[in-house]
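Reading the structure
Given next are the chains, with one letter for each unit.
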Amino acid sequence: MTERSFGRTVAQALVRQKELSILVATVAVAIYFSITTTGFNISDNYITIIHYLAPWAIVGAGEVMLLICGEIDLSAGFMFTLSPFVLMSFYNGGTPLILALILALVVCAAIGAANGFISTRFGIASFIVTLGSSFLLEGISLLMSNGAPVAAPASGWVVSAFGKAHWSELLWVLGVVAVMQILLSATRFGISTQATGGNPVGAAEAGIRVNLVKVVNFSLVSTLAGLGGIIDGLRLGSFDPTNGGPNTMFLAVASAVIGGTALLGGRGTVVGALLGALLLGIVFDGFSLAGVSANTFDVVLGVAIVIAMLLNVYLGHLRKRVSSA
């Protein structure tokens, strides 16, 4: 095989595999910070990067499903904030911790389903519905916590399994991403989700219950956001009413978009969202090690989102050309 043909083969692989381009970018950024900063390639720093990316990847896994439907949930970051306080309300009432955690996630799922029902049943844009939910959930969090951090349970197997053990946060991220990617790419529900976002009229005519698919995905986003908030709080040992919020939601959506999910629906990948979160985590960590202002990260994030959108459009056209060829 000549160098030219080898290069063409690699280029075609990059075009066909949605995740490969973001993986290459992530590896390149990791190599850059490995060379230019001190302390990047040590186990403690890897743990720090995991702490950065875990909330974005877990919430982003749900946002991918909803974005593919052509919808968005702006309240996911505030569900991330609220879920630990719902857990504590059950736990302080005498409910065993594992049952309190399950009940908290059930509440999260119900709130997400309510968002989806209101949006689909009354034809209100999900942007508006979940914007209103954001303020509602933020207010409930402040009322339940009295505006102050609350100590999280500190011992027991549930605490260890849901964030306190050394690598448990990473295992949860990988588990959630694996399950959601399989759900998206290898199940009838995942195919229905993609059809709903790609061509809702055609999907409905094919017998897909479009509104139900959207409601289920709203519920999935809220459930994963709640799970992410509980895992993060148990790891830190404290539930803070200022944790999560719009920052977590926007970074989760940014992870999905950078990872190749189309904001207009019909196309996306959960693994791509994980790689997008990893890229953002590496950049954030690298800037911290290099002593760069956190404000610079916002500039880089804004540029990265715009470039990712342009690249996604360009790669979409290339894939059509390669497929037709």
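These figures come from a predicted structure and were not determined experimentally. (Residues numbered from 1 in each chain as written. Predicted model: local features only at pLDDT ≥ 70, side-chain atom pairs only at ≥ 80, totals over all residues. Heavy atoms only, no water.)

Thoughts on the pattern of salt bridges
- Within the structure shown, the criterion is met by 3 salt bridges.
- A salt bridge links Glu 71 to Lys 214, with the nearest nitrogen and oxygen atoms 2.9 Å apart. You can see Glu 71 sitting in the loop between α3 (43–68) and α4 (76–92) and its partner Lys 214 sitting in helix α11 (residues 210–236), a full 143 residues away along the chain. Here Glu 71 and Lys 214 have matching classes, each one buried.
- The partner of Arg 235 in a salt bridge is Asp 232, and the shortest N-O contact between them spans 3.1 Å. With Arg 235 and Asp 232 both in helix α11 and 3 residues apart, the pair spans about one turn of that helix.
- Overlapping salt bridges bring together Glu 169, Asp 232 and Arg 235 as one network. (Salt bridge = Lys/Arg side-chain N within 4 Å of Asp/Glu carboxyl O. Helix = DSSP H or I, 4+ residues; strand = E, 2+ residues; numbered from the N terminus. Buried < 20%, exposed > 50% of the residue type's maximum accessible area, 1.4 Å probe, protein only.)

Observations regarding the nonpolar core
- The biggest cluster of nonpolar side chains holds 74 residues, and the ones touching the most others in it are Leu 87, Val 173 and Leu 280.
- Looking at this core element by element, the count peaks at 13 residues for α3.
- Contact partners of Leu 87, with chain neighbours within four places excluded, come to Leu 97, Ala 100, Leu 101, Ala 104 and Ile 230.
- If you look at the next biggest cluster of nonpolar residues, it comprises 5 residues, including Ala 203, Ile 208, Val 210 and Val 213. (Core = buried A, V, L, I, M, F, W, Y, C linked by side-chain atoms within 4.5 Å. Contact = heavy atoms within 4.5 Å.)

Here we look at the environment of Leu 274
- Along the chain, Leu 274 falls in helix α13 (residues 270–290).
- Sequence separation of Leu 274 and Gly 60 is 214 residues, and the distance between their C-alpha atoms is 7.6 Å.
- Leave out the neighbours within four places in its chain, and Leu 274 touches Leu 53, Ala 57, Val 173, Leu 174 and Val 177.

Observations regarding the packing of helix α5 (residues 97–122) against α11
- The interhelical angle for the contact between α5 and α11, taken along N-to-C directions, is 145°, at an axis separation of 7 Å. Once α5 is placed against α11, the crossing between them reads as right-handed.
- Along the lines of polarity and charge, the residues of the contact of α5 with α11 split into 12 nonpolar, 10 polar and 1 charged. (Axes fitted to C-alpha atoms, helices over the stretch in contact; angles between N-to-C directions. Left-handed = near helix turned anticlockwise from the far one by under 90°. Nonpolar A, V, L, I, M, F, W, Y, C, P; charged D, E, K, R; others polar.)

Here's the deal with empty space enclosed by the protein
- Under the counting rule described, the total for this entry stands at 1 cavity of 30 Å³ or more.
- Considered as a void within the structure, the largest cavity measures approximately 50 Å³ in volume.
- Secondary structure elements with two or more residues in the lining of the largest cavity: α4, α11 and β2 (238–239).
- Per-element tally for the lining of the largest cavity: the top contributor is α4, with 4 residues.
- Here the residues of the lining of the largest cavity are counted per class, giving 4 nonpolar, 5 polar and 1 charged. (1 Å grid on protein atoms, 1.4 Å probe; cavity = no way out; pocket = protein on both sides within 12 Å on 5 of 7 lines; lining within 4 Å. Points joined across faces, edges and corners; volume = space filled by probe spheres on them.)

Remarks on the confidence of the model for the protein chain
- When pLDDT is averaged along the protein chain, the result is 89, and 90% of the positions lie at 70 or above.
- Looking over the protein chain, one finds the lowest element-wise mean pLDDT in helix α1 (residues 3–16), namely 56, and the highest in α5, namely 97. (pLDDT = per-residue confidence, 0-100.)

A look at the side chain of Thr 95
- If you trace the backbone, Thr 95 turns up in the loop between α4 and α5.
- Thr 95 gets classed as buried once you look at its relative accessible area, which sits at 17%.
- With sequence-adjacent residues up to four places away left out, Thr 95 is seen in contact with Phe 90, Ala 100 and Leu 103.

What about the packing of aromatic side chains?
- With the rule as written, the count across this model stands at 6 aromatic pairs.
- Taken together, Tyr 32, Phe 33, Phe 40 and Phe 287 form an aromatic cluster joined through their ring pairs. (Phe/Tyr/Trp six-rings, centres within 6.5 Å; stacked < 30°, edge-to-face > 60°.)

Focus: a nonpolar patch on the surface
- On the surface, Phe 117, Ile 118, Phe 122, Ile 124, Phe 127, Ile 128, Leu 131 and Phe 135 cluster together to form a nonpolar patch covering roughly 790 Å² of accessible area.
- At the level of secondary structure, the elements contributing two or more residues to the nonpolar patch comprise α5 and α6 (126–145).
- Take the nonpolar patch: its biggest share by element is 4 residues, from α6.
- Within the secondary structure layout, Phe 122 lies in helix α5.
- A relative accessible area of 54% places Phe 122 in the exposed class. (Patch = residues over 30% accessible without salt bridge, like charges linked within 9 Å, V, L, I, M, F, W, Y side chains within 5 Å. Areas by Shrake-Rupley, 256 points an atom, 1.4 Å probe, with all protein chains shown as cover.)

Focus: α3
- Compared with an ideal rise of 1.5 Å per residue, which puts 26 residues at 38 Å, α3 spans 35 Å between its outermost C-alpha atoms and is within 8% of the ideal.
- At Leu 53, α3 is bent by approximately 40°, the largest bend along its length, and proline Pro 55 sits one to four residues beyond.
- The buried fraction of α3 is high, at 20 of 26 residues.
- Looking one or two residues past α3, Gly 70 carries a phi angle of roughly 85°, positive in sign. (Expected span 1.5 Å × (residues − 1). Bend = angle between axes of the 7 residues up to and from the residue.)

Looking at the side chain of Ser 141
- By the element assignment, Ser 141 lies in helix α6.
- On the accessibility criterion, Ser 141 (1% relative accessible area) is buried.
- The contacts of Ser 141, once residues within four sequence positions are left out, are Phe 78, Thr 81, Leu 82, Phe 85 and Pro 241.

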